[in-house]
Amino acid sequence: MMAGATTTVAVYSLGGTIAMTTDPRTGGVVPALSAQDLLAAVPGLDHRGIHLRVQDFRRVPGASLTLDDLTELSEAIDKDLDGGDIDGAVITQGTDTIEETAFFLDLHHSRDQPLIVTGAMRNPTMAGPDGPANLYAAVLAAAEPQLRGAGALVLLNDEIHAARHVRKTHSTSPAAFTSPGTGPLGRVAEDRVRLTTPLPRRHSVVLPPSRDARVGLYTVSLGDDGTLLHAWDGQCDGLVVAAFGVGHVPQPLVEALGELASRIPVVLASRIGNGPVLTGTYSFPGSEKDLIGRGLIPADHLGPYQARLLLHALLAQDADRSAITNAFATFAE
């Protein structure tokens, strides 16, 4: 432990671009760096008076993380926070799935300590890798008293985003993460967290899973005749439909969706990822009003990826249709 340390932050490394280096066999980059390797590359962090507890939790690309990995991570964080001597936590991982990891952790996190999820868009072999700066800012944010009670947050490019609103909106830019419709909660500048909006409202914590559940995600597209939709029938416990616009689907899907919704929970989200699913404006066959009348559950502002995670968490707790509908309505508040 560092002399004079006044704050403790736990760091969990999952792999991803931030931890990648060149594989001599292929010439491409792979996740190989440890959490200690990552922290050693961050200048100035050892002078911040922050004690770091470091754990190599996984070493995989972000695309290969699983719900089981995140469940184990959430449980490990809870166990570590039980001691009461950790002020916040940082999770480093691949950016492909950061928005999903953050939302998953937020669903299951009941404590005041903030969880800061970060990563990198430029791997350490590139000119100007952003991993060290992102990790530096994430550690400062995790130790920041202003963020207590904020739940899980995403921090890249010095911007702090709420798990509920953040989206990855560019495939390569260091400024890839945005919060459409709301903007970031704040930024890190001159080694300080500067909030620009109030902290997000917290929702009821979802308990750990008590059973396995499979939730499908079906994205509607132009000319969709519903043939592929039938492939989900009998293959999942719940389904999220990423619909057009405010919650519309082609008319050929209407009957099949109604039949599915009579057997399993079907959540209606928008594939846009910015703005709400409406509930009572349009009334043609395949409109949001028509589909909700057939039993589909509106996701409101939740994007399809977040809606899938919430539905999965509820089904894994054996929630019935009424509880699921109420949970999605609560997220709309």
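Up top you'll find the structure we're talking about.
Everything numeric in this text was worked out from a predicted model, so none of it was measured.

Thresholds applied
Residues numbered from 1 in each chain as written. Predicted model: local features only at pLDDT ≥ 70, side-chain atom pairs only at ≥ 80, totals over all residues. Heavy atoms only, no water. Pairing = 2+ DSSP bridges. Helix = DSSP H or I, 4+ residues; strand = E, 2+ residues; numbered from the N terminus. Contact = heavy atoms within 4.5 Å. Axes fitted to C-alpha atoms, helices over the stretch in contact; angles between N-to-C directions. Buried < 20%, exposed > 50% of the residue type's maximum accessible area, 1.4 Å probe, protein only. Left-handed = near helix turned anticlockwise from the far one by under 90°. Nonpolar A, V, L, I, M, F, W, Y, C, P; charged D, E, K, R; others polar. Core = buried A, V, L, I, M, F, W, Y, C linked by side-chain atoms within 4.5 Å. Right-handed = clockwise from strand over helix to strand, strands pointing away.

Colleague: Whenever I open this one, the sheet that holds strand β15 (residues 266-270) confuses me. Can you help?
Modeller: What links the strands of a sheet is backbone hydrogen bonding, and the strands pair in either a parallel or an antiparallel sense. Pairing is parallel across the open sheet formed by 4 strands, whose spatial order is β13-β14-β15-β16. Of all strands in the sheet, those bounded by a partner on one side alone are β13 (215-219) and β16 (297-298). Packed onto the sheet, helix α7 (residues 304-315) meets β13, β14 (238-243) and β15 and runs at close to 165 degrees relative to β14.

Colleague: Explain the environment of Ile 272 to me, please; I cannot follow it from the model alone.
Modeller: Tracing the backbone through its elements, the reader meets Ile 272 in the loop between β15 and α6 (288-293). Along the primary structure Ile 272 and Leu 185 are separated by 87 residues, whereas in three dimensions their C-alpha atoms are 21 Å apart.

Colleague: Any chance you could explain the pairing of strand β1 (residues 7-15) here in plain terms?
Modeller: Successive residues of a regular strand alternate their side chains across the two faces of the sheet. For β1, a buried count of 9 out of 9 residues is recorded, marking the element as mostly surrounded by other parts of the structure. Inspection of the sheet shows β1 paired to strand β4 (residues 50-60) by 8 bridges, in the parallel sense. Within β4, the residue paired with Ala 10 across the bridge is Arg 53. Summarising the sheet, β1 and strand β5 (residues 88-92) pair through 5 bridges and their orientation is parallel. In the strand pairing of β5, Ala 10 is matched with Ala 89.

Colleague: Even after reading the chapter, I still don't get the packing of helix α3 (residues 98-108) against α7, so can you show me in this structure?
Modeller: Relative placement of two packed helices is described by the angle separating their axes and the distance separating the axes. In the contact formed by α3 and α7, the axes pass within 10 Å of each other and the chain directions differ by 35 degrees. Crossing of α3 over α7 shows right-handed handedness. Contacts between α3 and α7 involve Glu 99, Glu 100, Phe 103, Phe 104, Leu 107 and His 108 on the former and, on the latter, Tyr 305, Gln 306, Arg 308, Leu 309, Leu 310 and Ala 313. Grouping the constituent residues of the contact of α3 with α7 by class yields 7 nonpolar, 2 polar and 3 charged.

Colleague: Sorry, what's going on with the nonpolar core here?
Modeller: The nonpolar side chains of a soluble globular protein tend to be buried, and buried together. Leu 73, Ile 91, Leu 310 and Phe 328 are the most contacted members of the largest nonpolar core, which has 50 residues in total. Counting residues per element, this core draws most heavily on α7, at 7 residues. Ignoring sequence-local partners within four residues, the contact set of Leu 73 consists of Tyr 12, Leu 14, Phe 57, Ile 91 and Leu 105. Judged by nonpolar contacts, the second largest core, of 30 residues, contains Leu 39, Val 90, Val 139 and Leu 155.

Colleague: For this particular structure, what's the right way to read the pairing of β15?
Modeller: The buried fraction of β15 is high, at 5 of 5 residues. Burial of the side chains of β15 extends over both faces: Val 266, Leu 268 and Ser 270 are buried on one face and Val 267 and Ala 269 on the other. Strand direction decides the pairing type here: β14 and β15, joined by 5 bridges, are parallel. What sits directly across from Val 240, in β15, is Val 267. Handedness of the crossover is the feature at issue here: the chain leaves β14, passes through helix α5 (residues 254-261), returns alongside β15, and the resulting connection is right-handed. A crossover links β15 with its parallel partner β16, the connecting element being α6, and its sense is right-handed.

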